[in-house]
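Spelled out from the first residue to the last, the chains are:
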Amino acid sequence: MVAAELVPQEAIGRASLLWLIPALPLLGAAIDLFVGRRLGRWAGWLATALVAASFLISIGVVTQLLDLPDEERLVVQHLFDWISVGDFRVGMDLRLDAVSATMILVVTGVGSLIHLYSIGYMRDDPRFGRYFAYLNLFVFFMLMLVLGANYLVLYLGWEGVGACSYLLIGFWFEEVANTEAAKKAFITTRIGDSLLLIGLATIVFKFGTLDYGEVFTGAPAVLTESAATVIALLLLAGAIGKSAQLPLHVWLPDAMAGPTPVSALIHAATMVTAGVYLVIRSVPIFELSPVALDVVAWVGILTVLFGGICALAQWDIKRVLAYSTISQLGFMFLAVGLGAYAPALFFLVAHAFYKALLFLGAGSVIHGMEGEQDLRRMGGLGRRMPWTAFTMGIGALALAGFPFLAGFFAKDIVLEIANTNERWGFYVFGSIGALLSALYVSRLWFLTFVGRPRSEAAEHAHESESLMVVPLAVLGVGAALGGVLSLGPHGWISRFVEPLVGLVPEGEEGIPGPAFLVIAVGITFAGLLVAWWVYASGRVDWHRLRERLEPLPRAALHGWYVDRAYDAVIVQPAKALAGITANVVDAKGIDGLVNAIGGGTRRLARSGRLLQTGFVRSYALVVFAGAVAVLLYVGSRL
Amino acid sequence: MRTPIAYFVMLSGILFALGTVGVLTRRNALLIFMSIELQLNAVNLALVAFSRMHNQLTGQVLAFFSMVVAAAEVVVGLAIIVAIFRRRRTIDVDDARELRW
Amino acid sequence: MPLDNVVFWVFAPISIASAVGMLVMRNAIHAALFLVVNLFCIAVMFLLLDASFLFAVQIVVYAGAIMVLFLFVIMLLGVDSGVSVRERLLGQRPLAIALAVAFIAELFVAVRAGIGFATHAPPGFEAVNQPGNTQALSEVLFREYFFPFEVTSVLLIVAAIAAMVLARRQAPAVTQAELEAHRAQVTDELEHAAAEPPA
């Protein structure tokens with residue numbers, strides 16, 4: 001099913017500029033980091049301009065790629081040798097193919113819009129320059145992640161985005177909670193990262209190289225099914241951590257502590273999709289292990305349901321979107337697990353548009369409400385923030401799967417692939433997930449923009465400046481029209497990446513086509529209508545409704561107490577163990593041993609020093625006795 | 001020369017032993033110092049005796065050098081004794097016992 | 001009995017007796033004089049061993065210069081110098097004597113086994129000492145041992161400087177803190193004087 005690895009082409013023509021795509025953001029990061037304070041507002045414009053330039057170069061490079069025939073669409077640019085130890089060599093290589101081309105367009109495109117938005121959003125922040133330095137650095141690492149031609153460059157970017165994520169979540173580090181959230185994100189993803197690193201080591205062990213080309217061409221011959229399963233599951237563990245899938249999802253809701261544009265860029269549009277990218281990239285390995293693919297699919301579908309239910313119960317506008325992101329990423333994993341790599345990639349692109357849009361819109365709302373994030377204190381903002389309401393409405397409809405918007409196509413393809421007789425379970429659960437997304441996103445929108453203002457701040461909310469509205473509008477267009485990239489399972493994006501990842505698998509249809517469409521659209525409208533009836537029609541007291549459903553909403557609000565469970569099962573025992581090692585093993589055992597040696601020496605010295613009487617003649621006597629003894633020995637040998 | 005070499009060596013050894021006894025039993029730093037001179041001379045005697053025995057002048061050269069060094073040593077040693085006496089008003093070596101526990 | 005045997009047997013007992021005398025004298029000057037006798041005897045032994053140059057050096061440098069220096073210091077510090085002759089280290093004296101006896105006994109055994117008491121000096125030393133002991137010694141000294149010889153000059157200069165530094169009488173050092181205290185006291189007094197009207 002997977003096409004053979006393509007023959008890499010020389011980076012000539014516009015493609016020779018490939019290295020500039022990550023280099024420009026790196027330059028921006030360096031400048032903003034060192035002289036950002038002096039640049040003032042220009043630090044933001046510089047960072048934005050450099051990422052936008054990267055975007056333009058990406059377009060140039062990708063159009064050249066499109067001009068090539070299908071089987072030549074793979075460009076590798078060797079920058080320099082990174083590691084060269086014996087036979088093991090790792091180059092700093094960049095690789096442009098259909099998958100990475102799609103990714104760099106998303107990263108630089110959405111990234112530059114979010115940079116532009118941030119200039120307005122972060123206007124009054126005292127660490128304005130540093131913020132953009134981090135943001136640019138993040139874009140650099142993300143581009144290295146997707147452009148790397150071997151797993152080590154990918155890993156470099158992987159850890160780099162993790163570090164930037166840490167820096168940006170804890171950007172307002174004056175609040176202890178923010179630094180706690182940053183730490184949590186870093187450590188939680190680190191669990192996955194460590195397993196990923198073991199996976200890379202396993203690849204080196206099996207293949208002797210980390211280069212994509214050599215690994216992918218060699219995989220069918222080198223790997224047995226069990227070896228492929230081991231490697232695939234280790235890679236998957238890394239992906240689960242980065243993409244906040246069950247059971248490592250706990251960091252993402254807390255990561256909303258960072259500035260909202262950061263949530264949009266990192267925790268919705270780009271970094272969290274790195275896990276999906278890794279799995280799509282490693283398709284030749286995953287294809288060898290049906291078990292691993294099944295695991296991917298199950299992780300995905302469980303996360304879809306989990307995230308959807310949690311999102312439905314949140315009061316914090318950003319946490320709704322955070323759980324929504326978890327849920328949507330679950331859809332992507334589901335698609336990958338079902339073997340639909342191209343649709344997964346399309347889902348990734350579409351989601352980047354509408355989730356970035358929703359987050360930026362949420363940021364605009366928060367900005368207009370002077371920092372208020374609680375949905376219960378909003379309401380009726382539609383009249384005061386028309387642009388935000390309109391663009392967010394498009395984003396919400398796209399996410400809900402409203403016909404002919406980007407999200408509709410994305411979700412549709414995934415469900416269509418699940419719609420086979422042997423996979424009906426995925427289809428049913430996926431449809432429930434779709435219903436949930438329609439519900440929670442329209443709940444969000446209705447609670448925010450419709451009805452009467454429920455607080456002082458909501459009455460005096462104001463529309464954001466044009467610097468922030470323009471990116472919203474552009475993303476709105478993307479979210480609305482993104483669907484043209486993929487009309488049906490064999491849309492444009494599928495054809496683009498199919499030479500690399502293979503065709504979308506087809507099985508016997510479960511529900512016939514027209515009926516399937518009607519059901520899909522019906523689910524979306526059902527979700528919208530229910531949300532409208534409950535939250536916007538004014539006929540239902542949703543506070544009382546929620547109380548009647550207790551304790552379910554409370555559990556969902558707290559993410560089904562997963563955090564508390566981790567705390568009880570892992571954190572507290574670990575702390576107790578650490579306490580034992582620190583207070584007993586180290587203090588009593590190891591320190592005791594050291595102290596015993598020291599004390600013993602001291603006691604020995606205390607008695608030994610009595611030999612030192614200070615009488616120089618006593619010393620001389622001993623020396624003479626020694627001389628006599630030596631002479632005795634010498635004389636006895638004569 | 002009819003006197004056996006061994007006689008000179010034994011004389012040297014006896015004088016050395018007597019010098020050592022002086023170093024070990026006297027408390028006056030000056031007398032200890034004189035005893036050391038006696039030891040040095042005893043060794044010089046042995047060196048010259050061996051020089052005669054091996055028909056070589058090297059032993060005499062070594063004795064000569066040891067005299068030079070002894071002269072230098074006496075100068076420095078006596079200066080130290082004078083300095084100690086100035087500070088402590090005594091040259092009893094048993095009184096100078098700060099270097100102990 | 002050959003003449004040199006006679007000389008040896010006369011001077012050897014004298015040197016041992018003078019060494020013992022030096023050990024037992026309470027008075028430092030007497031001890032020093034006994035040491036001079038002993039050094040003379042050793043000089044005679046040098047003469048017996050055909051080392052006439054060292055014989056001269058022994059008398060001039062040791063019996064002359066060094067012993068004068070000793071006597072000078074003894075005079076400078078006072079004859080008794082406040083030193084008691086009582087032994088206060090337990091067993092020091094008997095142990096020292098016992099070890100000395102053991103040392104001599106060991107040496108006796110070693111010399112008998114090594115050289116043997118009947119061995120005479122080989123003939124032909126006159127050839128080594130041509131044209132005379134002083135000239136022959138200077139040949140060896142300035143040809144084979146020239147560099148060590150030069151180094152001894154450095155040693156002597158260092159020793160001379162060291163002696164000067166060590167024996168110099170130093171003025172008590174004044175620390176910065178003492179200066180400071182002194183200054184404060186003076187200012188205090190001045191202020192005091194200014195505050196009180198003159199009587």
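Here the structure is a predicted model, which means the values were calculated and not measured. (Residues numbered from 1 in each chain as written. Chains lettered and ligands numbered in written order. Predicted model: local features only at pLDDT ≥ 70, side-chain atom pairs only at ≥ 80, totals over all residues.)

> Just to check I follow, could you spell out the overall build of chain B for this structure?
A count of helices and strands for chain B gives three helices and zero strands. Traced from its N-terminal end to its C-terminal end, chain B shows the element sequence α-α-α. Buried residues in chain B amount to 62% of all 101 residues. (Helix = DSSP H or I, 4+ residues; strand = E, 2+ residues; numbered from the N terminus. Buried ≥ 20, exposed ≤ 12 C-beta atoms within 10 Å, placed from the backbone.)

> What should I look at first to understand the overall build of chain A in this one?
Looking only at helices and strands, chain A has 26 helices and two strands in total. Residue burial in chain A is summarised as follows: out of 638 residues, 53% are buried. Looking at chain A alone, contacts between residues at least 24 apart form 81% of all its contacts between residues at least 6 apart. (Contact = placed C-beta atoms within 7 Å.)

> I tried to follow the environment of threonine 229 of chain A on my own but got confused; where do I start?
Residues and elements named next belong to chain A. Along the chain, threonine 229 falls in helix α8 (residues 225-242). Considering only alpha carbons, one finds threonine 229 and leucine 293, 64 residues apart in sequence, at a separation of 9.0 Å. Apart from residues lying up to four places away in sequence, threonine 229 is in contact with Ser289, Val291 and Ala292.

> Explain the interface of chain B and chain A to me, please; I cannot follow it from the model alone.
Note on interface size: it is often stated as the accessible area lost on association of the parts. At the junction of the two partners, chain B supplies ten residues and chain A supplies eleven residues. Residue composition of the side of chain B that touches chain A, grouped by class: five nonpolar, one polar and four charged. (Nonpolar A, V, L, I, M, F, W, Y, C, P; charged D, E, K, R; others polar.)

> Just checking my understanding: could you explain helix α20 (residues 466-481) of chain A for this structure?
Helical geometry note: an α-helix holds 3.6 residues per turn, so side chains three or four residues apart project in the same direction. Taking 1.5 Å of rise per residue, 16 residues should cover 22 Å, and α20 of chain A covers 22 Å from first to last C-alpha, within 8% of that figure. In this structure, the buried residues of α20 of chain A make contact with α3 (98-121), α15 (341-368), α16 (386-400) and α17 (406-418) of chain A. (Expected span 1.5 Å × (residues − 1).)

> Help me out: how do you make sense of the nonpolar core in this one?
Among soluble globular proteins, nonpolar side chains are generally buried collectively. In terms of nonpolar packing, the biggest core is built from 218 residues, with Phe138, Ile280, Ala344, Leu345 and Ala356 of chain A touching the most fellow members. The greatest single-element share of this core, amounting to 19 residues, is contributed by α15 of chain A. Counting 87 residues, the second largest nonpolar core, distinct from the first, contains Phe8, Ala43, Leu54 and Ala96 of chain C. (Core = buried A, V, L, I, M, F, W, Y, C linked by C-beta atoms within 7 Å.)

> Looking at this structure, how should I read the interface of chain B and chain C?
Each partner contributes residues to the interface: chain B has 62 residues there, and chain C has 77 residues. Looking at the side of chain B that touches chain C, the elements that each hand over two or more residues are α1 (5-25), α2 (29-53) and α3 (58-88) of chain B. The leading source of residues in the side of chain B that touches chain C is α3 of chain B, at 20 residues. Looking at the side of chain B that touches chain C, its residues break down into 44 nonpolar, eleven polar and seven charged.

> Help me understand the confidence of the model for chain B, please; the structure alone is not making it clear to me.
Interpretation of the predicted coordinates at a detailed level should be avoided for regions scoring low in pLDDT. Residues of chain B with pLDDT of at least 70 account for 98%, and the chain-wide mean is 89. Overall fold confidence for the complex sits at a pTM of 0.67, while the interface term, ipTM, reaches 0.91. (pLDDT = per-residue confidence, 0-100.)

> Would you take a moment to explain the environment of glycine 476 of chain A for this structure?
Residue and element names in this part refer to chain A. Here glycine 476 lies in helix α20. Looking at glycine 476, the number of C-beta atoms within 10 Å reads 24, which means it is buried. Sequence separation between glycine 476 and alanine 398 is 78 residues; the distance between their C-alpha atoms is 9.4 Å. Residue contacts for glycine 476: discarding those within four places in its chain leaves Leu357, Thr391, Ile394 and Gly395.

> Explain helix α7 (residues 212-222) of chain A here, please?
Residue and element names in this part refer to chain A. If you check which residues of α7 are buried, you get Tyr212, Val215, Phe216 and Ala219. Buried residues in α7, looked at end-on, bunch into an arc of 95 degrees, giving them a common side. In the core, the buried residues of α7 are packed alongside β2 (88-97), α6 (176-207) and α12 (283-286). (Arc of directions from axis to C-beta.)

> Just to check I follow, could you spell out the pairing of strand β1 (residues 74-85) of chain A for this structure?
Working note: regular strand, side chains alternate between the two faces of the sheet. Both β1 of chain A and β2 of chain A contribute to a ladder of ten bridges, which runs antiparallel. Residue pairing for β2 of chain A: aspartate 81 of chain A is matched across the bridge by glycine 91 of chain A. (Pairing = 2+ DSSP bridges.)

> I'm lost on the packing of helix α4 (residues 128-147) of chain A against helix α5 (residues 151-169) of chain A in this one. Help?
A pair of packed helices is captured by two measures, namely the crossing angle of their axes and the spacing between those axes. Residue and element names in this part refer to chain A. Contact pair α4 / α5: the axes reach a minimum separation of 7 Å and the direction vectors enclose 155 degrees. Our classification of the angle between α4 and α5 gives roughly antiparallel. For α4 against α5, the interelement crossing comes out left-handed. Note on element contacts: α5 touches α4 through Val153, Leu154, Leu156, Gly157, Trp158, Gly160, Val161, Cys164, Leu167 and Leu168, opposite Tyr134, Leu137, Phe138, Phe141, Met142, Met144 and Leu145. (Axes fitted to C-alpha atoms, helices over the stretch in contact; angles between N-to-C directions. Parallel < 35°, antiparallel > 145°, perpendicular 65-115°, else oblique. Left-handed = near helix turned anticlockwise from the far one by under 90°.)

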